[in-house]
Amino acid sequence: MNKTITKKIMIWIMVIFLTVNLVSALGIRPAKTIINSDDVKDLNSEFWVVNGEGREFTTDIYLEGEMAEYVTLKTKTLTFREDDEAKPIEFEVHLPEVVPPGESIAVIVVEEKLRGNDPKVISSKVVLKHKIRINGPYPDKYIEAKLNFHEMNDEIEFVSEVTNLGKEDIDKIQTVFYVNDKQQEKHSLETVEESLDRTENKLLRAKIDKDVFELGEFEVSAVTKYDDQQIEVLKMLMVGKPEVEITYFDKYFIAHKVNEYTLELLNNWNKRLENVFVDVLVMKDNQQIDEFRTRSIDIEGLLREKVQDYYDARERDEGSYRFDMEVNFWNSIKMEQKKQSFDVEMLTEDGYKKSDALTGGAVSNGELGSNTSLWVIIVMLFSIIAGYVGYRYKNKDKYRGDGIFK
């Protein structure tokens, strides 16, 4: 084992050892406070921060969580000496008249301050949390709903999971799913109508053909009606994986020169993809001779974008080459990776001028280059105009002087 690896291992052992010591040095007693809002609306309480190792340190104290606004800290910082075994943090809770049903949380965070910023000093910060769990009362009629999707062979199943948390049974419960397809046409799918006893959990299901969608993300709304009330849950349905296709790449380069190239990308996903780039391997006689990565671009859903950059061919001789490409992007969603290859001819300056590179470049995936298409349109228009002028000249004796047919 070389010295570099040994040194790294020793550093990590020191970090782990220091972290373990810090965890044992700082503790909270008790770890949580539970409040039933039916019984308690106002509370004065405290918990203790324990200095288990007898060392000097300072902490900041602050609040987090959806119910943090109803908690007041009487203590906002603590400073320990070596002989301080524990110190209290006092707080007050003043709940609103109406507390959300079920459990909601406020968190008191105790965070150790680090001394100094010397990069040579290994340090670790301890963050401990005291949770205040507030239980709000459930009304007579109350359900909890969740939305899930199951992708089957040719169908997608929408599943509404409902739980009766109220004080009474529910006679009628039904979910209607709303979603727009690839043509932005709305679909509504109804589940069967059921009953739901108190504390009971059920799955309400409906199916839709997968062909209704394309690749992409689709927002699904699940509206569950129960007796005289309703609840709505929104969730994104993902069909397939993001896919970007290379639809164009230049066919001709000039050998022994830096070449500007154009590469066109088509986003087959229905949402914007960010930081899209292409990794390229340059092959000659099935041997890799070069590799590079294009710059990153953003592409809107179902649209094309061009990447224009430069390839250094100063050390490349004339001949046939293959550019193997793979599209990637930085995103939390895993992408459907697709490898594509493009044949490129390295030409001399004269050979390049005689090629079709100046009138359209590559023809890729069955598509003409934009310049070629333009020339085709110009030639067609010229032919139509020339034909019309020739016809008028040939039949000039049939027209009056003002151009109107006799």
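Description of the structure in this document. (Residues numbered from 1 in each chain as written. Predicted model: local features only at pLDDT ≥ 70, side-chain atom pairs only at ≥ 80, totals over all residues. Heavy atoms only, no water.)

Quick look at the overall build of the chain
- A tally of regular secondary structure across the chain gives three helices and 26 strands.
- Residue burial in the chain is summarised as follows: out of 406 residues, 37% are buried.
- Split by element, the accessible area of the chain, about 24900 Å² in all, is 50% carbon and sulfur. (Helix = DSSP H or I, 4+ residues; strand = E, 2+ residues; numbered from the N terminus. Buried < 20%, exposed > 50% of the residue type's maximum accessible area, 1.4 Å probe, protein only. Areas by Shrake-Rupley, 256 points an atom, 1.4 Å probe, with all protein chains shown as cover.)

Thoughts on the sheet that holds strand 6 (residues 77-80)
- As summarised here, the arrangement of the five strands in space is 2-9-8-4-6, forming an open sheet in which the pairing is mixed. Either end of the sheet is taken by a strand with one partner, and the two such strands are strand 2 (32-36) and strand 6. Averaged over all pairs of adjacent strands, the angle between their axes in this sheet comes to 20 degrees, without regard to strand direction.
- As defined by bridge partners, strand 2 adjoins strand 9 (residues 127-136) across five bridges and the pair is classed as parallel. Bridging across to strand 9, Ile-35 finds its partner in Ile-134. (Pairing = 2+ DSSP bridges. Axes fitted to C-alpha atoms, helices over the stretch in contact; angles between N-to-C directions.)

Re the pairing of strand 11 (residues 155-164)
- Burial within strand 11 is extensive, with eight of its ten residues counted as buried.
- As defined by bridge partners, strand 10 (residues 143-151) adjoins strand 11 across nine bridges and the pair is classed as antiparallel. From the neighbouring strand, His-150 faces strand 11, where its bridge partner is Glu-157.
- Taking the residues that link successive antiparallel strands as the turn, the strand 10-strand 11 hairpin has three residues.
- Taken together, the nine bridges between strand 11 and strand 15 (residues 201-209) define a ladder with antiparallel strand orientation. If you follow Thr-163 over to strand 15, its bridge partner there is Asn-201.

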